[in-house]
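Residue-level listing of the chains:
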Amino acid sequence: MHKRVLSFPIAMIAVLVAAALAGLLLAQTRSETVRVGNADVGGVVTSSNGPEAGVWVIAETTDLPTKFVRIVVTDDMGRYLVPDLPKANYSVWVRGYGLVDSPKVKAAPGSTLNLKAVLAPDKKAAAAYYPALYWFSLLQMPPTSDFPGTGPTGNGISPNEKSQGQWIRDIVNTDGCTGCHQMGDKATREIPQSILSKTADSKARWDLRIKAGQAGGGMSARFDQVGRQRALAMYADWSDRITHGELPTATPSRPQGKERNVVVTMWDWADPKAYLHDAIASDKRNPTINPNGPIYGGLEESADYLSVIDPKTNAASRIPMKVRDPQTPSSFATKPAAPSPYWGEEAIWNSQTTVHSFAMDAQSRVWAAARVRKPTTPAWCQAGSDHPSAKLFPIADGQPGLELYDPKTRETTTIDTCFTWGHVNFDGKGVLWSSFGPTGVEGWFDTRIWEKTHDEKQAQGWSAFVLDYNANGKRDAYTEPIQPSDPTKDKRINVSYYGVAPAPDGSVWGSVLGMPGALVRFIPGSHPPETALAEYYEVPWNNPKAPVQGYAPRGMDVDSNGVVWAPLSSGHYASFDRRKCKGPLNGPTAASGQHCPEGWTLYAFPGPNYKGAVENGSADSAYYNFVDRFDMLGAGKDVPLATGNLSEGLLVLVDGKFMTLRVPYPMGYYAKGLDGRIDNPNDGWKGKGIYTPISTRAPFHMEGGKGTTSKLVKFQMRPNPLVD
């Protein structure tokens, strides 16, 4: 009787448990289902460990007019959806940290495709997919006790190198080697066979490789600047340790949280010998301009055309650029200092125009910083001219001008200016503001005047940078930079802008390269050649009053509140808020540049640091940045973005914390300029995006090697990883 009483509840429990398990299994099956539309590919990624979360699914095709790639990330259950694929046949595969690439599977849009991820057999195989940052962070820095350097007969470091931070700035980070290409990728951490065969000495191998190609002269000169033998030894030690089996000590994390919402789209453009600097998609003041239109890329020293992608047809094309003077110098005149492992003695760069950067106006016209003549300026730029700016500050030499491309007429127009153009940005009144100098000069070009008159002389002006040293609120006679300061006069400073961006209050900010480098605020006044004043703010460095320490800005941008953002060679993203300054912003104290440390906030870039680095925040290198004032990415308005060139992704700073939107394929993502566009404000995440080119000077260093071209990359963020 006792046994019968117990058997009934046990049987009932068994039934209930079975039903519950069946319900859970049904719920799991339903939750794993991915709704795949006619233009999508979706499914679940699993390995022998089960569902693989935070790995990339890559869909690539060569069926379209140019190679097309779209990449997404799996959610926490291993599910993925590659949305809105153009009609074509695709190769689809899985890549992720802790994995090796899965076999490529053929698929067409509309397919449900479950993929099998492949676990890496060991740490070495896994590390082959790590971003370059994790390999480059193995670089051993000289100790702080070695600075200032004691020269070739001492410790081999130049006496001009005053600190470990300056060494990092000059020969390692953005103003050093990573300013032109990605360090730490497979192409740089390994010595090419053509060099290995010539010498067994590691330092001699590095001596040969830094002389290679048309940039060899500049690279070699930089090593001489800091102390050639010590710099060669540092890089030789790094690559030797890797050759002998040293692996990264840090492991990259897979995409987490909102990082999994990213959709990356990529198109091939240009040719295998050309490299990109910047790209432009719309008007930075109104990103609804040029909706669904072409995106343009500038090839700087490498070739004389604009590279173009039409996102509607997925086609790449070219727009020839021209010069005004046939005798304009060309990069082709610079021959390789030593043979390239890829191109031998061939000079692959051949550009007279050297298009660097762009601005787009409300008519979708492209204003490009371009060289159009020989260095000597026209007579009206020089002493004795009647030009209002030349009377005050004549310019004898200044090379790049402007070139205007009109997509309606498909014509280009060269415009000569006395000063130089590097980066180009419009203010709200249709005035273009310049960077690159010449040293001591800020120039502008009023497109409204040019539209009425087509008189390039009348439309342009420039001014010296003058500090209000006597603090009377207006511009007066000034002392020159080499003269002693005079408390009754103003003071001219000999700086030039690298990055430039107009602010909402009508001032124009720019970044100044150097150690520690600075931001400068230019206030035009009522008649800029005569009334313009400047304010000078150095990055806090060796400043005991500063709560933060950093150095060497490169790019810069301004948000809607007038806060300036700039990536630093010290491995930080810096913001400067002038409203926080407590002391006077003019006068003798302000001339030091270290008078407002409280205005600066520094955010260390994510990822490991170099070995032995104490005067640095991160080994990552960010060349340029962009403030997303209109929420074109989908992370919020006024979100600062930066190019994570060694972490191989877009760095997005939200509420003081970084998201890293990586580009896992091809390995080698390295960007300079950024831009954004809103194609359709009513189409949610699909109607907008952020664009960057891949801008390494050595596209043949990327995964794929020689023959690989630069890419145009588009970043978008969905509400979640499965949204169509």
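Residues numbered from 1 in each chain as written. Predicted model: local features only at pLDDT ≥ 70, side-chain atom pairs only at ≥ 80, totals over all residues. Heavy atoms only, no water.

K.L.:
Can you lay out empty space enclosed by the protein for me, pointing to particular residues and giving the numbers?
P.N.:
A complete count under the given rule lists three cavities of 30 Å³ or more for this structure. Approximately 70 Å³ is the volume found for the largest cavity. When the residues that make up the lining of the largest cavity are grouped by side-chain class, the tally is eight nonpolar, one polar and three charged. Estimates place the volume of the second largest cavity at around 40 Å³. Together, Leu467, Asp468, Ala534, Glu535, Tyr536, Leu585, Asn586, Gly587, Ala590 and Ala591 line the second largest cavity. Looking at the lining of the second largest cavity element by element, the count peaks at three residues for strand S31 (residues 533–538). (1 Å grid on protein atoms, 1.4 Å probe; cavity = no way out; pocket = protein on both sides within 12 Å on 5 of 7 lines; lining within 4 Å. Points joined across faces, edges and corners; volume = space filled by probe spheres on them. Nonpolar A, V, L, I, M, F, W, Y, C, P; charged D, E, K, R; others polar. Helix = DSSP H or I, 4+ residues; strand = E, 2+ residues; numbered from the N terminus.)

K.L.:
Tell me about the sheet that holds strand S34 (residues 572–576), residues and numbers included.
P.N.:
Ordered in space as S32-S33-S34-S35, the four strands form an open sheet in which the pairing is antiparallel. Only two strands of the sheet have a single partner each, and these edge strands are strand S32 (557–558) and strand S35 (600–604). Taken together, the five bridges between strand S33 (residues 564–568) and S34 define a ladder with antiparallel strand orientation. Bridging from a neighbouring strand, Ala566 pairs with Ala574 of S34. (Pairing = 2+ DSSP bridges.)

K.L.:
Tell me about the pattern of salt bridges, and please be specific about residues and values.
P.N.:
Taken as a whole, this structure holds 39 salt bridges when the rule is applied. Salt-bridge contacts for Lys312 lead to Asp310; the nearest nitrogen and oxygen are separated by 3.6 Å. In this structure, Asp724 engages Lys686 in a salt bridge whose closest nitrogen and oxygen atoms are separated by 3.8 Å. Linking Asp724 in the segment after strand S42 (711–717) with Lys686 in the loop between strand S40 (675–678) and strand S41 (688–693), this pair joins segments that are 38 residues apart in sequence. Classification of Asp724 by relative accessible area gives partly exposed; the value is 37%. Taken together, the shared-partner salt bridges in this structure form one network comprising Arg169, Asp170, Asp175 and Arg554. (Salt bridge = Lys/Arg side-chain N within 4 Å of Asp/Glu carboxyl O. Buried < 20%, exposed > 50% of the residue type's maximum accessible area, 1.4 Å probe, protein only.)

K.L.:
Hey, could you go over the pairing of strand S6 (residues 90–95) for me, with residue numbers and the actual values?
P.N.:
Buried residues dominate S6, accounting for six of its six residues. Covered by surrounding structure in S6 are Tyr90, Val92 and Val94 together with Ser91, Trp93 and Arg95, the residues of both alternating faces. In terms of strand pairing, strand S3 (residues 56–61) meets S6 through five bridges, oriented antiparallel. When the sheet's bridge partners are listed, Ala59 is paired in S6 with Val92. Pairing of S6 with strand S8 (residues 105–107) involves three bridges; the strand directions are antiparallel. Bridge pairing links Val92 to Val105 in S8.

K.L.:
If you had to explain the nonpolar core to someone new, which residues and values would you point to?
P.N.:
With 73 residues, the main nonpolar core has Trp167, Val172, Tyr235 and Phe715 as its most contacted residues. Among residues more than four places away in sequence, those in contact with Phe715 are Val262, Val263, Val264, Leu633, Leu650, Leu661, Val663, Tyr669, Gly689, Ile690 and Thr692. In terms of nonpolar packing, the next biggest core, distinct from the first, is built from 36 residues, Val82, Trp267, Ala303 and Tyr691 among them. (Core = buried A, V, L, I, M, F, W, Y, C linked by side-chain atoms within 4.5 Å. Contact = heavy atoms within 4.5 Å.)

K.L.:
Account for the side chain of Asn290, naming residues and giving values.
P.N.:
Looking at where Asn290 falls in the secondary structure, it is placed in the loop between strand S13 (279–280) and strand S14 (295–297). A polar contact is formed between the side chain of Asn290 and the backbone oxygen of Ala281, at a distance of 2.9 Å. For Asn290, the side chain forms a polar contact with the main-chain oxygen of Pro294, separated by 3.0 Å. (Polar contact = N/O pair within 3.5 Å; in protein donor to acceptor, adjacent residues only side chain to side chain.)

K.L.:
Quick rundown of the environment of Pro378? Include the residues and the values.
P.N.:
In this fold, Pro378 is placed in the loop between strand S18 (366–371) and helix H10 (388–392). Distance in space between the C-alpha atoms of Pro378 and Gly50 is 70 Å, their sequence separation being 328 residues. Pro378 has contacts with Arg373 and Asp416, leaving out every residue within four places of it along the chain.

K.L.:
I'd like a rundown of the sheet that holds strand S36 (residues 625–628), residues and numbers included.
P.N.:
If you trace the four strands from one edge of the open sheet to the other, you get S36-S37-S38-S39, paired in antiparallel fashion. Pairing within the sheet leaves two strands with one partner each, and these edge strands are S36 and strand S39 (657–662). Within the sheet, the average angular offset between the axes of one strand and its neighbour, ignoring direction, is 25°. Pairing analysis gives four bridges linking S36 to strand S37 (residues 639–644), with the strands arranged antiparallel. Looking at the pairing, Val627 lines up with Pro640 of S37. (Axes fitted to C-alpha atoms, helices over the stretch in contact; angles between N-to-C directions.)

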